[in-house]
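Overview (structure and organization)
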Number of protein chains: 4
Amino acid sequence: MPLSMNKDVFITCAVTGSGATQDRSPHVPRSPAQIAESAIEAARAGAAIVHCHVRDPETGKPARDPALYREVTERIRDSSVDVVLNLTAGMGGDIIFGPPEAPFPVNAAATDMVGATERMAHVAECLPEICTLDCGTMNFAEADYVMTNTPGMLRAMGGIMTSLGVTPEIEAFDTGHLWLAKELVREGVLNSPALVQLCMGVPWGAPNDLNTFMAMVNAVPTDWCWSAFSLGRDQMPYVAASVLAGGNVRVGLEDNLWLGKGQLATNAQLVERAANIIEGMGGRVIGPDAVREKLGLTKRAPRAAAA
Amino acid sequence: MPLSMNKDVFITCAVTGSGATQDRSPHVPRSPAQIAESAIEAARAGAAIVHCHVRDPETGKPARDPALYREVTERIRDSSVDVVLNLTAGMGGDIIFGPPEAPFPVNAAATDMVGATERMAHVAECLPEICTLDCGTMNFAEADYVMTNTPGMLRAMGGIMTSLGVTPEIEAFDTGHLWLAKELVREGVLNSPALVQLCMGVPWGAPNDLNTFMAMVNAVPTDWCWSAFSLGRDQMPYVAASVLAGGNVRVGLEDNLWLGKGQLATNAQLVERAANIIEGMGGRVIGPDAVREKLGLTKRAPRAAAA
Amino acid sequence: MPLSMNKDVFITCAVTGSGATQDRSPHVPRSPAQIAESAIEAARAGAAIVHCHVRDPETGKPARDPALYREVTERIRDSSVDVVLNLTAGMGGDIIFGPPEAPFPVNAAATDMVGATERMAHVAECLPEICTLDCGTMNFAEADYVMTNTPGMLRAMGGIMTSLGVTPEIEAFDTGHLWLAKELVREGVLNSPALVQLCMGVPWGAPNDLNTFMAMVNAVPTDWCWSAFSLGRDQMPYVAASVLAGGNVRVGLEDNLWLGKGQLATNAQLVERAANIIEGMGGRVIGPDAVREKLGLTKRAPRAAAA
Amino acid sequence: MPLSMNKDVFITCAVTGSGATQDRSPHVPRSPAQIAESAIEAARAGAAIVHCHVRDPETGKPARDPALYREVTERIRDSSVDVVLNLTAGMGGDIIFGPPEAPFPVNAAATDMVGATERMAHVAECLPEICTLDCGTMNFAEADYVMTNTPGMLRAMGGIMTSLGVTPEIEAFDTGHLWLAKELVREGVLNSPALVQLCMGVPWGAPNDLNTFMAMVNAVPTDWCWSAFSLGRDQMPYVAASVLAGGNVRVGLEDNLWLGKGQLATNAQLVERAANIIEGMGGRVIGPDAVREKLGLTKRAPRAAAA
């Protein structure tokens, strides 16, 4: 019954995300070149994994064009820095409803709701070592945006991941998402042991108080590998929380723009800060090869490049 | 730091629900007359509150016709048994998606997604003392059914409840729903202290293990009044769990059809069983007047009847 | 992640204890004949295990004369009712200090502090299937009484138990006692998997609030068998709490004298009440043979009788 | 329900303790001059409070001669660095028993068990702003040493502290100690709100896993001020744990000798390391005046010096 602290910690840098943050900090990368460059700097600073979304290079708005993912992937793979690539597969499940008196029809301009194969197209093409699987449906932050991932959709997407040999990183935003993930493993849709990210304090999923966090942690099967993060000013505290509870960490501009009051951060600075906390606590920051061994990943070239 | 057991416990009987259970037990009431009768028997057995849905009298399929609610309401109010009436306001937020490769268009036949005023029509007409407010969006049990209640919808529905003087019973199916409920109270949409039902073990919301349950309980503001339930064979264990943790209880055919192995239950039998557990533990089962005093409820006649 | 409820529950009846309760209820048995009779009635009511202390037959004061234990043991074994016998080994570790300005010398009249072999004499003679091992030192309830069981004493007593083939029931009164018990198992002093009783709400050990209880439960190794109890009015609530959390239960006059307000209980009545709660929750009460199989116990005759 | 992180954190440096550590590191201070000097360096490094024991200046063995405390106190007060002084009152309650077959008589050479007034003599003379009150009796670490503090002794010592105007820092080594502390506050022996130190992972008190820690934290009354620490390699992780859970921190050579593998630490280095973790997490390290304001302390001269 000792403290369950993780002594060999990997850091994931969530490089840019899909939030409307591109005009709030000059450091939020937009183009594939910028995203790859920021990812590479994060890897140099100690991130073993980079988690990437793509954006419209001009406007910075979230995108899911496979060509953009491909450029990011190739730029990172062609760089001199080794890092595990983790691409989001969270796009394409977004519904924004009409006003309360007329939720239907949905707001067509803002809604992006497509089939499983289309949601996985960039993963099938880029063959990253990891891609995410948002394991549930919930009200997501502001406006009337619903992040929609039904069990049927998850079975379809998870099945594609498994057949592609891309390791899913299950995103659990609340206790029920983790329950559903365990069901998908039980059904054989996902392999066991699984990799899970506990996404804490994302409205309106699980709040990030420690009692709720420990309920999440206690519910992760003991042979799974897990990481956790929270948002904004709670990003760095959650580096400590996750390591203490036996997990790995995620930082980056997707989740937090600030290094301190009035100080906009770069991805590399956030990774450095996280590494300092981990090392201050007596932990060791591990690199991409150690992560590959721990998770059974194989580094691959993109599909076309292999041809 | 003593055991926080609730010594004065109210029982809510959830009489029929909207599940596809009507053909699985002869005791699941369908018509307004049957629903009212079963509710009255539950009240006689010790339920202080009856929580009612309505069904198509012929097929037993879930319905939301205000006339059906009105008949249930009047039959219960005209009976010789006093009981607090709690009507669901959960209908009208149901989306069933198309298959994974084509989630849109939604399954129009199965989807029932309407505006806030329409969802509240029966409440406005019947003026029950309590109606429910499902505080979130999630994958709900089987198939690709999403229970959809966006923050905007909840603000609209909650505002109508508050202006009607009908006390909302917040249904929290996961930790994030409780967080959103607290936000609605903070915003003034809902009154404080609030009444909350912790709905445990409903796929794919919060699982009903005790660690998760305690995280939910610890997150309820100390001045709120709360109840909890779980499903099927965990219904009676959760009577004990909720009372132990300081809460009230809900039983009934909406959540569980069985009294024991091979024994289909009536609502009254489930209420009696719950009362026995509560009293065996040294608690007291309180009646509708004590509940009204505790929650500040006022018994009223339906709107038209008042005219 | 389902509710971890125990469906096959054994009940231990703690028949008389060593508390100063003998004059507070006519049902507290004093003489070996009375203790055996009350134990047998408890077994008839559903207790699979009876946990016995002995008392001075005249005054009712706690005693540890092996002849008294022997009489209790033989009377129970000679009865027509089968039950697992669990004798306390908690006596002989009691220090009552002098007043705060002169804690030493200790109150010699009230102190009873002897060596390991003497503390185990009645166990060695009676060879019960189970005896208790209080796994720690703490301020115990009123006055300046310290229950004293140092690691060295526990290693000596535990070693004797293991060599006698008597299964220790580890009594853990706080989180640290459970930690020490795990250390004794790690050292090989006690066999694994072990049997543990979580003693909740005994001043000044662990309070019996559910958060503390769950911390205790979460710390029990998953392959151990455990039970829990609390005192007085919390005895019956803890029947429910322990079963919910996956454990077995203990009731009896050692821990609680009352069936309800103004109603003094018998041991048999307390066992019946516990059985009703367990069965109301959907559990099954198991008997002595099922317990023997679960715990690997062998029923034996007392040592002399075997000669 | 946000993360309860403490943003304004004070650091206590536990300068030397009473452990047999003096020969294991050259940095463990022995003489009053060394202890004062190490305390002052810790204060310069950011400790708002220094917690001091004294030792025999020659052998380094634990001592409780008031003259030694007086010298430490005066040296610290005469220095140019401001710091809150916290003296232990834990000495004089130590019993080391004889071997398991003869626990009595106790080991007289090693036992130090005296009356309340004698245990408080140095506190009465030095009038530190804070002194400790070990709120329980337990097996303490190695050998058969029992830390003995009965309720009667605690009432006597606590009463002296309150009448001297010295704020007690309650040391809670397990959940039951915290329960007893709340009882002492309820009785009026100790003032409310109280100050408490959660001592985690000290054998054989509460283990330092996060579930147990959160049970302790959840049991601290919300208006009390608290801190927490753990030992050895878990010292720095507990800096993070305590801050995350809303508490303050304690580091120092009493609890841990090492800065890293093979690197013996000084008190100042441990304080610096803790400050870095706190600031990395976005917290602020507060100084002695802020602590005095928060805890209602008044800096005083020693009794004789005031004459």
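Under an unreviewed UniProt entry, the name given to chain A is 3-keto-5-aminohexanoate cleavage protein, and the organism recorded is Paracoccus suum.

The packing of two helices is summarised by the inter-axis angle and the distance between the axes. Residues and elements named next belong to chain D. Contact geometry for helix α8 (residues 235-244) and helix α9 (residues 267-280): axes closest at 10 Å, N-to-C directions at 40°. Taken together, the axis directions place α8 and α9 in an arrangement best described as oblique. Regarding α8 and α9, the two cross each other, and that crossing is right-handed. Residues Gln235, Met236, Val239, Ala240 and Val243 of α8 touch α9, and the partners they reach there are Leu270, Arg273, Ala274, Ile277 and Ile278.

The next subject is the interface of chain B and chain A. With 46 residues of chain B in contact, the opposing surface of chain A contributes 46 residues. Our enumeration of links across chain B and chain A arrives at 0 salt bridges. Remark: the boundary between chain B and chain A carries 16 residue pairs in polar contact (both at pLDDT 80 or more). Sorting the residues of the side of chain B that touches chain A by element identifies α3 (116-119), β10 (138-139), α5 (151-164), α6 (175-187) and α7 (210-219) of chain B as the ones contributing at least two each. No other element matches the 6 residues that α6(B) contributes to the side of chain B that touches chain A.

Once chain B is rotated about the relating axis by 180° and shifted along it by 0.0 Å, it coincides with chain A to within an RMSD of 0.0 Å. The transformation relating the two chain copies, once decomposed into turn and shift, fits a two-fold axis. In terms of C-alpha distance to the rotation axis, chain B has Met138(B) as its closest residue, with the C-alpha 2.6 Å off the axis. Comparing interface residues between copies, 100% of those in chain B also sit at the interface in chain A, which points to an isologous, same-surface contact.

The subject of this paragraph is the packing of aromatic side chains. Each aromatic ring pair is characterised by the separation of its centres together with the angle its planes make. Going through the model one piece at a time under the given rule, you end up with 24 aromatic pairs over all chains. Between Trp204(A) and Trp179(B) the ring centres are 5.1 Å apart and the planes differ by 70°, which places this aromatic pair in the edge-to-face class. With Trp204(A) in the loop between β13 (195-199) and α7 (210-219) and Trp179(B) in helix α6, the pair connects residues from two separate chains. Of the two residues, Trp204(A) and Trp179(B), both sit in the buried class. On the basis of an interplanar angle of 70° and a centroid distance of 5.0 Å, the ring pair of Phe213(A) and Tyr238(A) is categorised as edge-to-face. You can see Phe213(A) sitting in helix α7 and its partner Tyr238(A) sitting in helix α8 (residues 235-244), a full 25 residues away along the chain.

Turning our attention to the pattern of salt bridges. A pair can form between side chains of opposite charge whenever their charged atoms are brought close. Counting across every chain of the model gives 64 salt bridges over all chains. For Arg155(D), the salt bridge is made with Glu187(D), and the minimal N-O distance between the two is 2.7 Å. Residue Arg155(D) is found in helix α5 (residues 151-164), and its partner Glu187(D) is found in helix α6 (residues 175-187); the two are separated by 32 residues along the sequence. Notably, a salt bridge pairs Glu183(D) with Arg186(D), separated by 2.9 Å at the nearest N-O pair. Of this pair, Glu183(D) and Arg186(D) both sit in helix α6, 3 residues apart, which is roughly one turn of that helix. Its relative accessible area of 16% is what places Glu183(D) among the buried residues. Take Arg186(D): its relative accessible area is 63%, and that puts it in the exposed class. Each member of the salt-bridge network shares a partner with another, and the members are Asp82(A), Glu129(A), Asp289(A), Arg292(A) and Lys299(A).

So, how was this worked out
- Sequence order as written defines the numbering, with residues in each chain counted from 1.
- By the order in which they are written, chains take letters starting at A while ligands take numbers starting at 1.
- For this predicted model, a pLDDT threshold of at least 70 governs which residues receive local features, and a threshold of 80 or more governs which side-chain atom pairs are given and counted, while totals over whole chains, interfaces and linings are taken from all residues.
- Only hydrogens and water are set aside when side-chain values are computed; all heavy atoms of the structure are taken into account.
- Where helices are involved, their axes are fitted lines through C-alpha atoms of the stretch in contact, as for all axes, and angles between N-to-C directions lie from 0 to 180°.
- Segments assigned H or I by DSSP are reported as helices when at least four residues long, segments assigned E as strands when at least two residues long, and all are numbered from the N terminus.
- Each angle gets one of four labels, with under 35 degrees taken as roughly parallel, over 145 as roughly antiparallel, 65 to 115 as roughly perpendicular, and the rest as oblique.
- Note on convention: near helix rotated counterclockwise from far helix by under a right angle means a left-handed crossing. Clockwise means right-handed.
- We call two residues in contact whenever any of their non-hydrogen atoms come within 4.5 Å of each other.
- Here, a salt bridge means any Lys or Arg side-chain nitrogen found within 4 Å of an Asp or Glu carboxyl oxygen.
- Between N or O atoms, a polar contact is any pair within 3.5 Å; within protein, one atom must be a potential hydrogen donor and the other a potential acceptor, and residues adjacent in sequence are included only when both atoms are from side chains.
- Alignment of copies: least-squares fit on C-alpha atoms of residues with pLDDT of at least 70 in both copies.
- Any two rings among Phe, Tyr and Trp, with Trp reduced to its six-membered ring, count as a pair given centres within 6.5 Å; such a pair is stacked if its planes are under 30 degrees apart, edge-to-face if over 60, and tilted if neither.
- Remark: exposure states derive from per-residue accessible area (1.4 Å probe, protein chains only) relative to the maximum for the residue type, with buried under 20%, exposed over 50%, and partly exposed in between.

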